[in-house]
Amino acid sequence: MRKIFTLFSMSMVAIATAQTTHLTLDEALMLGFEHNPAIAAAQYAEKAAHRERQAAIGLFMPKVSVKGAYTHLDKDIKIDLNHFKTNFSGALGGVLNNPDVVAALSPYLPVIQGGLSSLLGIDLSYTLQQRNIAFLGGDVVMPIFAGGKIWTANRASKINEQRVKQQSLQVRGALTVEIVERYFGVELAQRGVAIRREAVAVVEQHLHDVATLEKEGMAVESERLYAEYRLAEAERDLRRTELQ
């Protein structure tokens, strides 16, 4: 993880020094948090731990399940008893053709004939099942006693969520320290280069003045040679600082 921070910070510093627009510390921190893979991994871990926590809390809630089914048959399933009416009508007609029976039942014959007509008019077919069958149902299960498993799962998920958050804070803190160190290191290096350049400019001006005085006979050659030596030394220090 340390290597990830270092590599990212170095690349960020390289971009900052290469661009003409200077990055502020807040901008450098923002770039570090937006594009660092360790930060993205920590954020995903936090989301996963939070979802596990929500799932553990959901164990206290009732569970609702819905079931459904649909079946289509070629035709309806029926029981047809109308043929018994024909048999019964034939048997009753045979009985009523007997003169003795008719004479015995003559007082009740109108009632019998009316009942027989009503019976023959009844449809004795019954549909047991229609061709289109649909079913929709559901279950509701409420946990009452789980032997402490639900409480244990919730405590474990809470501890894990807190642990992940602490790890995420550690990652953010380590990255912040790394970026700040690199940022101000570059700031100091840039200021060092600026100071060296100013020193070179001052020595160059001094050398120019000494050379002018030498031409006019107001300075000796040793002073000019010493100024040239100091200029070479200043330029060497500038190159060394730029390479750091």
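Conventions used here
Residues numbered from 1 in each chain as written. Predicted model: local features only at pLDDT ≥ 70, side-chain atom pairs only at ≥ 80, totals over all residues. Heavy atoms only, no water. Helix = DSSP H or I, 4+ residues; strand = E, 2+ residues; numbered from the N terminus. Expected span 1.5 Å × (residues − 1). Buried < 20%, exposed > 50% of the residue type's maximum accessible area, 1.4 Å probe, protein only. Arc of directions from axis to C-beta. Phe/Tyr/Trp six-rings, centres within 6.5 Å; stacked < 30°, edge-to-face > 60°. Pairing = 2+ DSSP bridges.

**Some points on helix H3 (residues 37–57)**
With 21 residues, H3 extends 30 Å between its outermost C-alpha atoms, agreeing within 8% with the 30 Å of an ideal straight helix rising 1.5 Å per residue. Along H3, the residues classified as buried are Ala38, Ile39, Ala42, Ala49, Arg53 and Ala56. Along the long axis of H3, the arc covered by the buried residues comes to 105°, so they all point the same way. Pointing more than 90 degrees away from the buried face of H3 are the exposed residues Pro37, Tyr44 and Arg51.

**Let's talk about the packing of aromatic side chains**
One pass over the structure, following the stated rule, counts three aromatic pairs. Taking 4.9 Å as the distance between ring centres and 65° as the angle between the ring planes, the aromatic pair formed by Phe60 and Trp151 counts as edge-to-face. One end of the pair, Phe60, is in the loop between H3 and strand E1 (63–72); the other, Trp151, is in helix H7 (residues 149–215), with 91 residues separating them in the sequence. For Phe60, a relative accessible area of 29% corresponds to the partly exposed category. With 5.4 Å between their ring centres and 90° between their planes, Tyr183 and Phe184 make a pair best called edge-to-face. When its relative accessible area of 41% is taken as the criterion, Phe184 is described as partly exposed.

**Things to note about the pairing of strand E4 (residues 132–141)**
For E4, the tally of buried residues reaches only one of 10 residues, placing the bulk of the element at the surface. Pairing of E1 with E4, which is carried by 10 bridges, proceeds in the antiparallel orientation. Bridge pairing links His72 to Asn132 in E4.

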